[in-house]
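Fold and geometry: a report
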Amino acid sequence: MRLSQTSATTTPDDRVALRQPRISDGALMHRLAVDTGVLDANTVYAYVLWCHDFAATSVVAEVDGEFAGFVTGYQRPADPSVLMVWQVAVDGRQRGRGIAAAMLNHLIDGFADSGVRAMHTTISPDNEASQRLFSSVAQRRGLTFTRRPLFAATDLGDGHEAEDLYVLAP
């Protein structure tokens, strides 16, 4: 059974365009990760590498041609039937417009015929907004949405919270 039970790649409005990230998006992704105040921001170089090596499993949103958000993801090397979503970010001025859900749906639809059967992500227990986002995507697509502990806070260091694994699957 495939991950995509129903198709949902639509953007909130015609002003939103979704595409694969380009190397030139790396610095913009870094800036947005920092600006969210909640994401673990990596170096610009890490985002540039991500755009180079994992563009096919990631997506960027633009509103009226301006960078508005991104989702970074990858297929798990040990299990390519899993698309792991690492970070989701939307510019504060664009939040509440369904852009994050549209990017996730875009990724799911893009892998519908490639053998990907599940989407995984990790979310800290206090990040209710991300929990609601992934839950709503799962619900609208008729997918199950489950959670289990994955990384303890002691695994992540520097005062980082624990991260639970969330799974969207048929």
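These lines cover the structure that appears in this document, whether it is placed above or below.

Rules and cut-offs
- Residues numbered from 1 in each chain as written.
- Predicted model: local features only at pLDDT ≥ 70, side-chain atom pairs only at ≥ 80, totals over all residues.
- Heavy atoms only, no water.
- Pairing = 2+ DSSP bridges.
- Helix = DSSP H or I, 4+ residues; strand = E, 2+ residues; numbered from the N terminus.
- Axes fitted to C-alpha atoms, helices over the stretch in contact; angles between N-to-C directions.
- Contact = heavy atoms within 4.5 Å.
- Phe/Tyr/Trp six-rings, centres within 6.5 Å; stacked < 30°, edge-to-face > 60°.
- Buried < 20%, exposed > 50% of the residue type's maximum accessible area, 1.4 Å probe, protein only.

1. Section: the sheet that holds strand E3 (residues 66–76)
- An order of E1-E2-E3-E4-E5-E7-E6 is seen for the seven strands of this open sheet, with the pairing classed as mixed. In this open sheet, the two edge strands, each paired with only one partner strand, are strand E1 (16–19) and strand E6 (144–151). Each adjacent strand pair in this sheet contributes to an overall mean axis angle of 25 degrees, direction not counted.
- Strand direction decides the pairing type here: strand E2 (residues 59–63) and E3, joined by five bridges, are antiparallel. Following the sheet pairing, Val63 is matched in E3 by Glu66.
- Against the sheet, helix H2 (residues 44–53) makes contact with E3 and strand E4 (79–90), and its axis sits at roughly 70 degrees relative to E3, the strand it touches most.
- Packing against the sheet, helix H3 (residues 99–110) makes contact with E1, E2, E3, E4 and strand E5 (118–123), and its axis sits at approximately 160 degrees to E4.

2. Brief notes about the packing of aromatic side chains
- This model, assessed by the stated rule, comprises seven aromatic pairs.
- With 6.1 Å between their ring centres and 70 degrees between their planes, Tyr47 and Phe70 make a pair best called edge-to-face. Note that Tyr47 is positioned in helix H2 and Phe70 in strand E3, a separation of 23 residues in sequence.
- A residue is classified by how much of its surface remains accessible, and Tyr47, at 1% relative accessible area, is buried.
- By relative accessible area, Phe70 is classed as buried at 0%.
- Judged by centre distance (5.3 Å) and plane angle (25 degrees), the ring pair of Phe145 and Tyr166 falls under stacked. With Phe145 in strand E6 and Tyr166 in strand E7 (residues 163–169), the pair connects residues that are 21 residues apart, well separated along the chain.
- On the basis of relative accessible area, Tyr166 is assigned to the buried category, the value being 6%.

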